[in-house]
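The chain contents come next:
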Amino acid sequence: MTQVFIDATTLISLGTIGELDLLTTLTGDLVILPLIQDEVTTEPAQTNLTRFIDEYELRTCDPAIHDRTHQAKTVLGEATENGDVHLIAAVLAYTTDDRSIGVVSDDRRVRTTARGLGATVTGTIGVIVRTVDEGLPPEDARELVDRIDSHGLHMTGSLREKAYSLIDEAAATSPK
């Protein structure tokens, strides 16, 4: 089973608007690491995240990460352990063992590094598009994009248009 590690960027975006449940449409076991949880400090995202972890009994640790944190710090050029280091440590551990791993992040550096190391990568918009594949009406998905935009993600006009385009493509090809 694929392990899907969620970054703070997505947890904050979806947690702020009370839509963390959208993550359950992803295929795989969701993992939210402690250092990532610690990065979610704003309300209501923090409270919603705690509830989400408890409700779905999500994994919040992975022992394989500890063997790869030094290597991940080197890869990222980081002096200390942080959420990004732990995400990349997970990618290193899983891809070295030829195990499937996904990363959900809006952080460009994390996304690029994780993808380059062999992880499947998506972001908050990808999660919303996935919900359209699962049957969410495209109008509702566009409304989610607008809510995220107005509550902190602050998209450029071109990113918002790209999100709408991906939503429309998903709706056109969705079997539901």
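Up top is the structure these notes are about.
Let us look at the structure shown here. (Residues numbered from 1 in each chain as written. Predicted model: local features only at pLDDT ≥ 70, side-chain atom pairs only at ≥ 80, totals over all residues. Heavy atoms only, no water.)

**Let's talk about unusual backbone geometry**
Part 1 of the argument: Omega for the peptide link from E43 to P44 comes to 10°, which places this bond in the cis form.
Part 2 of the argument: Position of P44 among the secondary structure elements: in the loop between α2 (34-39) and α3 (45-56).
Part 3 of the argument: Its identity is not glycine, yet D98 carries a phi of approximately 55°, on the positive side.
Part 4 of the argument: Position of D98 among the secondary structure elements: in the loop between α5 (83-96) and β3 (101-104).
Part 5 of the argument: On the accessibility criterion, D98 (71% relative accessible area) is exposed. (Helix = DSSP H or I, 4+ residues; strand = E, 2+ residues; numbered from the N terminus. Buried < 20%, exposed > 50% of the residue type's maximum accessible area, 1.4 Å probe, protein only.)

**Quick notes on the side chain of T113**
Part 1 of the argument: With respect to the element layout, T113 can be found in helix α6 (residues 108-116).
Part 2 of the argument: A distance of 2.8 Å separates the side chain of T113 from the backbone oxygen of R109, its partner in a polar contact.
Part 3 of the argument: When near neighbours in sequence (up to four residues on either side) are disregarded, T113 contacts V75, L76 and I88. (Polar contact = N/O pair within 3.5 Å; in protein donor to acceptor, adjacent residues only side chain to side chain. Contact = heavy atoms within 4.5 Å.)

**Looking at the pattern of salt bridges**
Part 1 of the argument: Under the counting rule described, the total for this entry stands at nine salt bridges.
Part 2 of the argument: A salt bridge links R147 to E19; the shortest N-O distance between them is 3.2 Å. Separated by 128 residues along the polypeptide, R147 in helix α8 (residues 138-153) and E19 in the loop between α1 (8-16) and β2 (29-31) bring together distant segments of the chain.
Part 3 of the argument: Here E134 makes a salt bridge to R130, at a shortest N to O gap of 3.8 Å.
Part 4 of the argument: Owing to a relative accessible area of 37%, E134 belongs among the partly exposed residues under this scheme.
Part 5 of the argument: Residues participating in the shared-partner salt-bridge network are E19, E143 and R147. (Salt bridge = Lys/Arg side-chain N within 4 Å of Asp/Glu carboxyl O.)

**Here we look at the pairing of β3**
Part 1 of the argument: Burial along β3 is two-sided: the face carrying I101 and V103 and the face carrying G102 and V104 are both buried.
Part 2 of the argument: Pairing of β3 with strand β4 (residues 120-122) involves three bridges; the strand directions are parallel. Bridge pairing in β4 links V104 to T122.
Part 3 of the argument: Handedness of the crossover joining β3 and β4 through α6: right-handed. (Pairing = 2+ DSSP bridges. Right-handed = clockwise from strand over helix to strand, strands pointing away.)

**Details of α5**
Part 1 of the argument: Relative to the 20 Å expected for 14 residues at 1.5 Å per residue, α5 spans 20 Å between its end C-alpha atoms, a close match to the ideal helical length.
Part 2 of the argument: Within α5, twelve of the 14 residues are buried, leaving the element largely enclosed by the surrounding structure.
Part 3 of the argument: For α5, the side-chain oxygen to backbone nitrogen distance between the N-cap and D84 is 3.0 Å, and the N-cap itself is N82.
Part 4 of the argument: Positive phi appears at D98, one or two residues downstream of α5, with a value of about 55°. (Expected span 1.5 Å × (residues − 1).)

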